[in-house]
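Below are the chains, spelled out letter by letter.
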Amino acid sequence: MKRLLSIELQKIWMNKASRVLTLTYFILLSFIALIASINFNIGFFKLHLAEMGVFNFPFIWHFNTYIAAWLKFFLAIVIVSMMANEYSYGTLKQNLIDGMSKKEFILSKFLTVLAFAFASTVYVFVMSLLLGYSFSSSTEMSIVFSKMEYLLAFFVKLVGFFSFCLFLGILVKRSAFALGFLLVWNIIEGIAKGILSFTVFPENNIAAAITQFFPLESMSNLIVEPFSKLSLIKTIGTQIGVDDVTDFSVHFLSILIVVAWSLLFTLFSYKLLKSRDL
């Protein structure tokens, strides 16, 4: 497996566009630290995000993983391009001629997906520790390392999303069309969710129970928005009479659903590649 992963990483690093996108992704992750410097002063209204507690332990695990997850599209482009280049440059056929089986080929791609997700998670972990110890008012070990399930959710979310991108790259063969299909699928899920929530089941939670099994929706459910947790937001909500009933927890079922989709997308990728005459 080490050999297969090494081959894929060399392909990515030798491709200038993929190399730039990968480096850009990790550089942008570092820019989360700049949130600490955001300071709004508009008349009597003053807002300093660092002072609001976004970097306090254990809230920082939730906040940083949520923000970092939005940057996954940079690596999504790399994953899709990685597959599209196999067809464009003929390296897929050459690898098979050189003795690599189709199962090993898909395994090498999935290992790359795991490597990207793991590297991202470790990076966010280290960055969060540095920011937390710099700004958090509580640095006791029991507090620092609580709520670590958000890191697990972040890892699973990336694996699921990248597996989906890998499948689309094999299905469509062209990176631009694959990314376009990803956007269309996101719109389809949004429309289906809206119809179920506001038309079919407007007065109960059946719509949410159904849509939690949608691929992109299930990934979104892993880490919900953290801003409602902030004391300022809660105070504003209380003053205008809005009660916050958001469930911020990372649920085992949500993780299980995304893991299942990850395995299915990888299996679909293999079945699709196996059925094609290359």
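Up top is the structure these notes are about.
So, how was this worked out
Residues numbered from 1 in each chain as written. Predicted model: local features only at pLDDT ≥ 70, side-chain atom pairs only at ≥ 80, totals over all residues. Heavy atoms only, no water. Helix = DSSP H or I, 4+ residues; strand = E, 2+ residues; numbered from the N terminus. Contact = heavy atoms within 4.5 Å. Salt bridge = Lys/Arg side-chain N within 4 Å of Asp/Glu carboxyl O. Buried < 20%, exposed > 50% of the residue type's maximum accessible area, 1.4 Å probe, protein only. Patch = residues over 30% accessible without salt bridge, like charges linked within 9 Å, V, L, I, M, F, W, Y side chains within 5 Å. Areas by Shrake-Rupley, 256 points an atom, 1.4 Å probe, with all protein chains shown as cover. Core = buried A, V, L, I, M, F, W, Y, C linked by side-chain atoms within 4.5 Å.

Engineer: How should the environment of Glu104 be read in this particular structure?
Structural biologist: Assignment of secondary structure puts Glu104 in helix H7 (residues 102-135). Here the alpha-carbon distance between Glu104 and Tyr270, two residues 166 residues apart in the chain, equals 9.6 Å. Once you skip the residues sitting within four places of it in the chain, Glu104 turns out to touch Arg3, Leu4 and Gly99.

Engineer: Is there a simple way to explain the pattern of salt bridges in this structure?
Structural biologist: In a structure, side chains of opposite charge can pair up when their charged atoms sit close to one another. Using the criterion set out here, one finds 6 salt bridges in the structure. Across the salt bridge formed by Lys109 and Glu8, the nearest N and O atoms sit 2.6 Å from each other. Here the residue Lys109 occupies a position in helix H7, and Glu8 occupies one in helix H1 (residues 2-14), the gap between them amounting to 101 residues. Per residue, the accessibility class of Lys109 equals that of Glu8, and both read buried. One salt bridge connects Glu217 with Lys193, and the closest N-O pair in it is separated by 2.9 Å. Residue Glu217 is located in helix H12 (residues 215-222), and its partner Lys193 is located in helix H10 (residues 175-200); the two are separated by 24 residues in the primary sequence. A residue is classified by how much of its surface remains accessible, and Glu217, at 14% relative accessible area, is buried. A relative accessible area of 33% means that Lys193 is categorised as partly exposed. Here the salt bridges do not stand alone but share partners, grouping Glu8, Lys11, Glu86 and Lys109 into one network.

Engineer: I tried to follow a nonpolar patch on the surface on my own but got confused; where do I start?
Structural biologist: A cluster of nonpolar side chains, Trp13, Leu23, Ile27, Phe31 and Leu34, forms an exposed patch at the surface whose accessible area comes to about 520 Å². The topology assignment puts Leu23 in helix H2 (residues 16-30).

Engineer: For this particular structure, what's the right way to read the nonpolar core?
Structural biologist: As a rule of thumb, nonpolar side chains are buried together in soluble globular proteins. Counting residues in hydrophobic clusters, the biggest one holds 71 residues, and the most contacted among them are Tyr25, Leu29, Ile79, Phe154, Phe161, Phe162 and Phe164. If we ignore the near neighbours within four places in the chain, the residues touching Phe161 are Lys72, Phe73, Ala76, Leu182, Leu216 and Met219.

Purely geometric numbers; function is a separate question.
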